[in-house]
Structure formats: structure tokens, C-alpha cells
Amino acid sequence: MASDMVIEPAEPDEYVEIPERGEVVAEDGGERLDALQPQVFLRGGLWSHSRDFTDPGAVSVAGLVVRAAPRLGSGLDAYGEARAQADSTGRGDVDLEEGWLRFTGGPARLIVGRQIVAWGRADRLNPTDVIGARDYTRLLASDDEQRRGALIAQVTYGAGPWTVSAFWLPEFRPNRFPVDRSRPGVVILDDQQVEDRSQFAARIDHTGGALDWSISYFEGRSRTREIALVPVPPALAIAAVTRSAASDFRSCTTTFAPLAARPRAMASPIPEPAPVT
């Protein structure tokens, strides 16, 4: 159980034009996010336990959110959001969630920068939401706040009920999961630092009528890592032997490494796995 006391409005979900002021702002839970002035929000929470595999008891959380949505010119606006959070276990996290420029010309739109892209319309489980990543270790009351932004170039063209979008994703950011690193004889290596600038996605979306539907294609790396058994690195093997000699017993060290697979998915609930390269 958790009690999350948040002193901030909801996530901005729509940008609108204010005719009398000529500014692009964010609709933020019914409140307008001023386009000319950044906003700072403080938040705090108390949780019965953390989301990793330790049991430190109650965990307190404090955080800071900074948002800004300036209009830079005719047909050009921007949005930025940065977050910082720390808890009583000593874990801290600072991240630029979003920071992008948007160029709008008639029905066409180009967005470049770090952004959060969510596919699917279900409230929680969206099988086609394969572009975005999440951080499942965050102590936040809303699951939507687990999303991690990534560097994306997005081109969108809308005509009536139809919207066609193309995405280039030069930055790979994986899902973060709690990992139990306390088991004796088992070593979990840090995630691979993957650079893959060839990720691409496209989507055709139709809204209105009796049925809303979309067709999407994604070619890139799965945001959920695979776990592989790998040889023990020499430094870890030497450390294990040293500990064994000091304790006068033999130990066996098993090493696992998270790997980034590269599946292809076309509106598929479970992306088809591909060999690890």
C-alpha cells in the first residue's frame, strides 16, 4: 500500500491556442499551463515498502517537477519537463522526461527531441505500446508517470479521421525492472549500453464512426531485456576465489547479463523474438 501526497496538477495532455493572447499552452487537468512562465511543483509520498526486492520498511519520497511550454514563433512551440526524486533508502533519480520542438504547418506536424509516445487506447495494458519504455522502480502513484522519454523525430499528417505518423528513434532507452542482487553465488551485470540509430516505426490511425482502429509497425529493439547466462568476468572470478580462500570453503558464481534483443512487431500483442546480435 502507498500514500502518495502530490502537490501538482495532472499531466498535460493537450495543447491549445488562446486567441486573446496568441500563446500555445498545455491543458493540465483543467488548468492552463502558462506558455511564458515555467512551473515548479513539489511532491511527497509515504510508501509501505520500496519496489525492489529489499524490505526496508516504510519509505518516504520527495520530488521536484519543472515544466515549461513556450511559444517560439508562428507554427513553432516547445515543451520541456524535468523530474528529480529521492527516497529514504538513498535511491535518487534525475531525468529529462521530455524536451522537444514542434513545427506545425497546416495538417502536417514535425516534433523533434526527447518525447513520450504512447500507442494504444487501453488504460493500463496496451499490447501495441512497443515504442515507449517504463521505469518500474519509481515510487509514483500513477502508472503513467513510469514512462521514460526518448529522443525521437516524429512526422504526423492528419486528414479528417485519418492520421499517418512516421518515427525515427536514434536513442534506445530500455525498461527498468527491480532486480534482486542479494542472492549468494549469483551476479547480475549492469545493462548493456546499446546504441541503435536504425530504429523506425510507422502508424496509421483512424478515429470516429463505430470503431477506432490503427495499424502500426516497429523495427527496433525490445524495451524489455532478455537475461542470458554468460561466463564470469575475470575480475569477479578472482574476487570469488579470494572470498572462498578467506572463508575456507568453495563457492560457485553464476553470472547473468541483460541483453537487448531486436524483434520486429506489426500490431502484435507479443513481439516475435529474434536472435541476439
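Residues numbered from 1 in each chain as written. Predicted model: local features only at pLDDT ≥ 70, side-chain atom pairs only at ≥ 80, totals over all residues. Heavy atoms only, no water.

Concerning the overall build of the protein chain
Link 1 in the chain: Summing up its helical and strand segments, the protein chain has 1 helix and 20 strands in all.
Link 2 in the chain: Contacts in the protein chain between residues far apart in sequence, at least 24 positions, make up 58% of those at least 6 positions apart.
Link 3 in the chain: Total accessible area on the protein chain is roughly 15800 Å²; 60% of this is exposed by carbon and sulfur atoms. (Helix = DSSP H or I, 4+ residues; strand = E, 2+ residues; numbered from the N terminus. Contact = heavy atoms within 4.5 Å. Areas by Shrake-Rupley, 256 points an atom, 1.4 Å probe, with all protein chains shown as cover.)

Focus on the side chain of Asp-95
Link 1 in the chain: Along the chain, the position of Asp-95 falls in strand 9 (residues 92–105).
Link 2 in the chain: The exposure class of Asp-95 is buried, given its relative accessible area of 10%.
Link 3 in the chain: Among the polar contacts made by the side chain of Asp-95, one reaches the side chain of Arg-173 at a distance of 3.3 Å.
Link 4 in the chain: Those residues in contact with Asp-95 that sit more than four places away from it in its chain are Glu-81, Ala-82, Arg-83, Arg-114, Arg-138 and Arg-173. (Buried < 20%, exposed > 50% of the residue type's maximum accessible area, 1.4 Å probe, protein only. Polar contact = N/O pair within 3.5 Å; in protein donor to acceptor, adjacent residues only side chain to side chain.)

Quick word on the layout of surface pockets
Link 1 in the chain: In this structure, the second largest pocket encloses a volume near 860 Å³.
Link 2 in the chain: Lining of the second largest pocket is provided by 38 residues; of these, Arg-176, Phe-177, Val-179, Arg-181 and Asp-191 occupy positions nearest its centre.
Link 3 in the chain: Its residues assigned to classes, the lining of the second largest pocket shows 14 nonpolar, 9 polar and 15 charged. (1 Å grid on protein atoms, 1.4 Å probe; cavity = no way out; pocket = protein on both sides within 12 Å on 5 of 7 lines; lining within 4 Å. Points joined across faces, edges and corners; volume = space filled by probe spheres on them. Nonpolar A, V, L, I, M, F, W, Y, C, P; charged D, E, K, R; others polar.)

A closer look at a nonpolar patch on the surface
Link 1 in the chain: Nonpolar side chains collect at one region of the surface, where Leu-72, Leu-101, Phe-103, Leu-110, Val-112 and Val-155 lie side by side and expose about 460 Å² of accessible area between them.
Link 2 in the chain: Its place among the elements puts Leu-101 in strand 9.
Link 3 in the chain: Among the residues examined, Leu-101 registers a relative accessible area of 36% and is labelled partly exposed. (Patch = residues over 30% accessible without salt bridge, like charges linked within 9 Å, V, L, I, M, F, W, Y side chains within 5 Å. Salt bridge = Lys/Arg side-chain N within 4 Å of Asp/Glu carboxyl O.)

What to know about the packing of aromatic side chains
Link 1 in the chain: Under the defined criterion, the tally for this structure stands at 4 aromatic pairs.
Link 2 in the chain: On the basis of an interplanar angle of 15 degrees and a centroid distance of 5.0 Å, the ring pair of Tyr-136 and Phe-177 is categorised as stacked. A residue pair is termed long-range when its members are at least 10 positions apart, and Tyr-136 in the loop between strand 11 (133–134) and strand 12 (147–148) and Phe-177 in the loop between strand 14 (162–169) and strand 15 (186–188) qualify at 41 residues. (Phe/Tyr/Trp six-rings, centres within 6.5 Å; stacked < 30°, edge-to-face > 60°.)

Some remarks on empty space enclosed by the protein
Link 1 in the chain: Here the structure, examined in full by the defined rule, presents 3 cavities of 30 Å³ or more.
Link 2 in the chain: There is about 170 Å³ of room inside the largest cavity.
Link 3 in the chain: Forming the boundary of the largest cavity are 17 residues, of which Ala-84, Gln-85, Asp-93, Arg-138 and Leu-140 lie nearest the centre.
Link 4 in the chain: Of all the secondary structure elements, the ones that give two or more residues to the lining of the largest cavity are strand 6 (59–68), strand 8 (76–87) and strand 9.
Link 5 in the chain: Across the lining of the largest cavity, the residue classes tally to 6 nonpolar, 4 polar and 7 charged.
Link 6 in the chain: Roughly 70 Å³ of volume is contained in the second largest cavity.
Link 7 in the chain: As for the second largest cavity, its lining consists of Gln-115, Ile-116, Val-117, Ile-131, Gly-132, Ala-133, Arg-148, Ala-150, Ile-152, Arg-173 and Arg-223.
Link 8 in the chain: A per-class count over the lining of the second largest cavity returns 6 nonpolar, 2 polar and 3 charged.

Some points on the pattern of salt bridges
Link 1 in the chain: Under the definition given, this model contains 18 salt bridges.
Link 2 in the chain: Notably, a salt bridge pairs Asp-95 with Arg-173, separated by 3.3 Å at the nearest N-O pair. In this pair, Asp-95 is assigned in strand 9 and Arg-173 in the loop between strand 14 and strand 15, connecting sequence segments 78 residues apart.
Link 3 in the chain: Measuring nitrogen to oxygen at the nearest pair gives 2.9 Å for the salt bridge that ties Asp-129 to Arg-147. Here Asp-129, found in the loop between strand 10 (108–115) and strand 11, pairs with Arg-147, found in strand 12; they are 18 residues apart in sequence, far enough to count as distant. Each member of the pair Asp-129 and Arg-147 is classed as buried.
Link 4 in the chain: Sharing partners across several salt bridges, the network here consists of Arg-91, Asp-93, Asp-95, Glu-97, Arg-114, Asp-135, Arg-138, Glu-171, Arg-173 and Arg-176.

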